Amino acid sequence: MPRQPGILFDRRYYEHSIPQQSLENAGRVRSLYHSLEGPEYAGLLRTYQPREATVADIEAVHSGFYLEQLREHANAEDPYSYDRDTYLMEQSLYTAALAAGGCLELADRIMGGEIDYGFALIRPPGHHAEPGRGMGFCVLNNVAITAEYLRRMYGLDRILILDFDVHHGNGTQAVFYETEQVLFVSIHQEKLFPFTGTAGETGSGRGRGYTINLPVHQQFADPEYLFLLGRVLGGVVEQYLPQIILVSAGYDGHHADSISRIMLTTGWYGTVTELLKHLAQEACGNRLLLVLEGGYNPVSLEESVLATVDGLLRPVGRRPGVIHSERAARILANHPLHAFWTV
Ligand SMILES: [Zn+2]
C-alpha cells in the first residue's frame, strides 16, 4: 500500500480577491477544493492546513523594500496601482504569506518523513515574483521561499526545481541564477509573457549550468513535452542527485486554457507525475513537493490537478516511455545545456 500523499488547501486562499474581473481569482480553485473533500478521495489523502510564512522566511527571497511596497499598495484605492496584472488588496499579503507558508508546512512534513509526496494547492501563485517585484499575478515566490527554507532549516544544497507552467519562471530563475545549490529547469512556451527564459540563459558565476530553459513552440503537446522532460530530467537527476524535487506546477499549458498555445491533455499531468515519482525514487527517497502556479480555465485546471493527484495515488509502476519526437529533438540539438550535462 503506497503512503498517502499530503494535500494542502484552505478556504482562506479565497481572500485575495477583488470585484473586478481577473483571470487569477478564487473561482479557479473552489470546485477543486470541493472535489478533494468529496467521497472519491475519502480516506486516500492526508490533508494539511497552512501556516503563515514568517517575515524571515519571506525576506530570505524578497527585499524589505518590496514588502513595504506591498503593504502600501494593498491599501490603495486602485487594486492595480502596483502592477497592471497583479492586483493587491487588504488581504493580499496575508493570503500570499499563507500560500508560501502552506508550502513550508508540506516541506516540513516531507523532511520529517511523515509523507513522501506533497501538493500545495495554494494561491496567489508565485513563480513570476522576483526578489524586488511582483508581477504576472504573483505576489510572493512560494517555490523560491520553500527552496531557501530547505537550505536554511535542513541544510540541503542540491534542490531541483522543475517549472512546467506554460510561462517562464523568471522570478525563481532570478533568485537562484548564481547558485549551484538549486538547479532550475523551466519548460515554457517561447515568446510568451514574461518574454524571458531563452535557452542561452544558463546561470552565472557558481550557478553556470544550473539554470536550464526549454522554450518550446506553439502547438507542442504531450509527446514533445514528455520527450524533452524525459531526456533532460532523466539525465540531470542522475548527475545532480537532488535531495528533493520541487515542482512549479502550472496548468495553463492545457489545450483548453486559452492563455497559451500549448496543447497538453489532462492525461499528460498524470504521466509527468509518474515520471517525477520515478525520479524522486531514484534520487531522493521519494521527496517530491508540487506547488500550484497558473491555470486559468477552472474546468481544465481541476481535471488536471486531479490527474496529478491520481498520479500521486497510483503505485510507482513502469517509468513512462519516451517516444522520439523530431520537433522536440531539434530543441535539444544545439542546446547549451550539453556543455554542462549529459542528456
Ligand atoms: Zn503561467
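These remarks concern the structure in this document. This structure is a prediction, so every number in the text was calculated from the model and none was measured. (Residues numbered from 1 in each chain as written. Predicted model: local features only at pLDDT ≥ 70, side-chain atom pairs only at ≥ 80, totals over all residues. Heavy atoms only, no water.)

Let's shift gears to the packing of aromatic side chains. What characterises a pair of aromatic rings is the spacing of the ring centres plus the angle enclosed by the ring planes. Inspection of the entire model under this criterion finds 15 aromatic pairs. Taking the centre distance of 5.1 Å and the plane angle of 80 degrees together, the rings of Trp-268 and Tyr-269 count as edge-to-face. Look at Tyr-269 and you get buried, because its relative accessible area is 1%. Of note, Arg-30 hangs over the ring of Tyr-14, and the distance from its end group to the ring centre comes to 4.7 Å. (Phe/Tyr/Trp six-rings, centres within 6.5 Å; stacked < 30°, edge-to-face > 60°. Buried < 20%, exposed > 50% of the residue type's maximum accessible area, 1.4 Å probe, protein only. Lys NZ or Arg CZ within 6 Å of the ring centre and 35° of its normal.)

The step from Arg-123 to Pro-124 runs through a cis peptide bond, and the omega angle for that step is 0 degrees. The topology assignment puts Pro-124 in the loop between strand S3 (117–120) and helix H5 (142–154). The linkage connecting Phe-193 with the following residue, Pro-194, adopts the cis geometry, with an omega of 0 degrees. Its place among the elements puts Pro-194 in the loop between strand S5 (182–189) and strand S6 (211–216). At Phe-137, a position not held by glycine, the phi torsion is positive, near 75 degrees. Checked against the element boundaries, Phe-137 lands in the loop between S3 and H5. (Helix = DSSP H or I, 4+ residues; strand = E, 2+ residues; numbered from the N terminus.)

Turning our eyes to something else, we now look at the layout of surface pockets. Size it by volume and the largest pocket reaches roughly 190 Å³. Along the walls of the largest pocket sit 14 residues, with Asp-85, Gly-136, Phe-137, Phe-193 and Ile-259 positioned nearest its centre. (1 Å grid on protein atoms, 1.4 Å probe; cavity = no way out; pocket = protein on both sides within 12 Å on 5 of 7 lines; lining within 4 Å. Points joined across faces, edges and corners; volume = space filled by probe spheres on them.)

This next bit is on the sheet that holds strand S4 (residues 159–163). Paired through their backbone hydrogen bonds, the strands of a sheet run either parallel or antiparallel. Strands sit in the order S2-S1-S3-S8-S7-S4-S5-S6 across an open sheet of eight strands; the sheet is parallel. The open sheet is flanked by strand S2 (46–48) and S6, the only strands paired with a single partner. Strand-to-strand twist across the sheet, computed as the mean angle between neighbouring axes with direction ignored, equals 15 degrees. Those strands touched by helix H7 (residues 222–240) are S4, S5 and S6, and its axis lies near 175 degrees from that of S5. (Pairing = 2+ DSSP bridges. Axes fitted to C-alpha atoms, helices over the stretch in contact; angles between N-to-C directions. Contact = heavy atoms within 4.5 Å.)

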